[in-house]
Amino acid sequence: IQKCVNVVSSSDTCLVRAGTYYELVSVPKSGTAASRITIKGERGASGEYLTVIDGGITQLTGWVQAPEIGSGVWKRSSPSWTVPVSGTTIYPSALTANGKSIWKINESNVNDQPISGDGGTWTQWISRSATADCATSVGPWVLCWDGIEALFAVKNGTLYLRFRNGDDPNAKTIRVAPGSYFSRMNPPEFAPLFIRNQSYITISDFELRGAEFGVVVSGQAHNNIIENNIIRGGDINVYVYQTAADPFNGPQNTIIR
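Residues numbered from 1 in each chain as written. Predicted model: local features only at pLDDT ≥ 70, side-chain atom pairs only at ≥ 80, totals over all residues. Heavy atoms only, no water.

1. Side note on the pairing of strand S11 (residues 92–97)
Link 1 in the chain: Counting buried positions along S11 gives 6 out of 6 residues, so the element sits mostly inside the fold.
Link 2 in the chain: Bridge analysis of S11 against strand S17 (residues 174–178) gives 5 bridges, and the strand direction is antiparallel. By the bridge assignment for S17, Thr 96 is matched with Arg 175.
Link 3 in the chain: As defined by bridge partners, S11 adjoins strand S12 (residues 100–104) across 3 bridges and the pair is classed as antiparallel. Counted as the bridge partner of Ala 97 is Lys 100 from S12. (Buried < 20%, exposed > 50% of the residue type's maximum accessible area, 1.4 Å probe, protein only. Helix = DSSP H or I, 4+ residues; strand = E, 2+ residues; numbered from the N terminus. Pairing = 2+ DSSP bridges.)

2. Notes on the packing of aromatic side chains
Link 1 in the chain: One pass over the structure, following the stated rule, counts 3 aromatic pairs.
Link 2 in the chain: Their ring planes at 20° and their centres at 5.3 Å tell us that Tyr 239 and Tyr 241 sit as a pair that is stacked. Each member of the pair, Tyr 239 as well as Tyr 241, carries the same accessibility label: buried.
Link 3 in the chain: Of the aromatic side chains, those joined through ring pairs into one cluster are Phe 213, Tyr 239 and Tyr 241.
Link 4 in the chain: In this structure, Lys 172 packs its charged tip against the face of Phe 163, placed 4.9 Å from the ring centre. (Phe/Tyr/Trp six-rings, centres within 6.5 Å; stacked < 30°, edge-to-face > 60°. Lys NZ or Arg CZ within 6 Å of the ring centre and 35° of its normal.)

3. Observations concerning the state of the cysteines
Link 1 in the chain: Scanning all chains against the criterion turns up 2 disulfides.
Link 2 in the chain: The disulfide that involves Cys 134 links it to Cys 144, with 1.6 Å between the sulfurs. Measuring the twist about the S-S bond at about 90°, one finds the Cys 134-Cys 144 disulfide to be right-handed. With a gap of 10 residues between them, Cys 134 in strand S13 (residues 133–135) and Cys 144 in the loop between strand S14 (141–143) and strand S15 (150–155) connect regions that are remote in the sequence.
Link 3 in the chain: Classification of Cys 134 by relative accessible area gives buried; the value is 1%.
Link 4 in the chain: Judged by its relative accessible area of 8%, Cys 144 is buried. (Disulfide = S-S within 2.5 Å.)

4. Overview of the environment of Ile 230
Link 1 in the chain: Along the chain, Ile 230 turns up in strand S23 (residues 230–231).
Link 2 in the chain: Looking at Ile 230, the relative accessible area reads 24%, which means it is partly exposed.
Link 3 in the chain: Separated by 178 residues in sequence, Ile 230 and Val 52 place their C-alpha atoms 9.5 Å apart.
Link 4 in the chain: Those residues within four positions of Ile 230 in sequence are excluded, and the remaining contacts are Tyr 49, Phe 206, Glu 207 and Leu 208. (Contact = heavy atoms within 4.5 Å.)

5. A closer look at the sheet that holds strand S3 (residues 25–27)
Link 1 in the chain: Ordered by their spatial adjacency, 4 strands build an open sheet running S3-S18-S21-S24, and the pairing between neighbours is parallel. Here the strands that pair on one side only, and so sit at the sheet edges, are S3 and strand S24 (236–240). Pairs of neighbouring strands in the sheet enclose a mean axial angle of 15°, with direction left out of account.
Link 2 in the chain: Taken together, the 4 bridges between strand S21 (residues 213–218) and S24 define a ladder with parallel strand orientation. Bridge pairing in S24 links Phe 213 to Ile 236. (Axes fitted to C-alpha atoms, helices over the stretch in contact; angles between N-to-C directions.)

6. Remarks on the nonpolar core
Link 1 in the chain: Ranked by size, the top nonpolar core spans 23 residues in total, and within it Ile 39, Leu 193, Ile 195, Ile 203 and Phe 206 carry the most contacts.
Link 2 in the chain: Listed by contribution, the elements that provide at least two residues to this core are strand S1 (13–16), S3, strand S4 (37–41), strand S18 (193–196), strand S19 (201–204) and S21.
Link 3 in the chain: Setting aside residues up to four positions removed in sequence, Phe 206 forms contacts with Val 16, Ile 39, Lys 40, Gly 41, Tyr 49, Thr 51, Ile 53, Leu 193, Asn 228, Asn 229 and Ile 230.
Link 4 in the chain: Formed by 18 residues, the second largest nonpolar core is a distinct cluster that contains Trp 63, Trp 81, Val 154 and Ile 174. (Core = buried A, V, L, I, M, F, W, Y, C linked by side-chain atoms within 4.5 Å.)

7. Observations regarding the environment of Gly 41
Link 1 in the chain: With respect to the helices and strands, Gly 41 occurs in strand S4.
Link 2 in the chain: With relative accessibility at 4%, the residue Gly 41 sits in the buried group.
Link 3 in the chain: Residues Gly 41 and Gly 19, spaced 22 residues apart in sequence, show a C-alpha to C-alpha distance of 9.4 Å.
Link 4 in the chain: With residues near it in sequence (within four places) discarded, Gly 41 still touches Leu 15, Val 16, Thr 51, Ser 204, Asp 205 and Phe 206.

By themselves, these observations are geometric and do not establish any function.
Written out as structure tokens, the structure is:
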């Protein structure tokens, strides 16, 4: 996909055929008000999404058990990436198992802030049995893992993963996307589709998944249209920030629908 968006010009359409693409695509140029650039996926006869961009660019193997954390917890060295703009080191922000999203334990809790409810630490939470009860922040006790099938955390360069029933991640397809909650002050190009300082771009008819963000629009970007996409998992579907989101500094008009 990146090759396609690198060569299109104003009034061109980059039509991405059906398939799953493990990419983080950055749009390098603008269209014009009269001649937009369109980046478009394929849809089926019943409207189903056929073109998938998955931000899980790296597949992880080589998991070993982590008994020092608890029963059923697995670990491996954490991949890391460098943000091109700031040089910041970024760690995994999104993890999937066989295409399904895994919840991430917040960095503040991994850095020893107690988790709300019964105040447990992140190691206590990730290692609790599948039938354990937990208090909530509003009082009632519930099953800790009710509605949760897996959790992951990153601590001191190690990636920890626990499935509710202690499954071996080596038997699954585990993919990871770069980014971090704290990168929001300067979100890097770690989204399936990223627009920085480019305008008059239309993005439509994709399924976007496997990353912290679905689409990021930043800088001086304006008059972009993000429409008719489905975005799964992650934290923010479409993240518009910097001047692109500032109503007091020129035309923004990013349309999301």
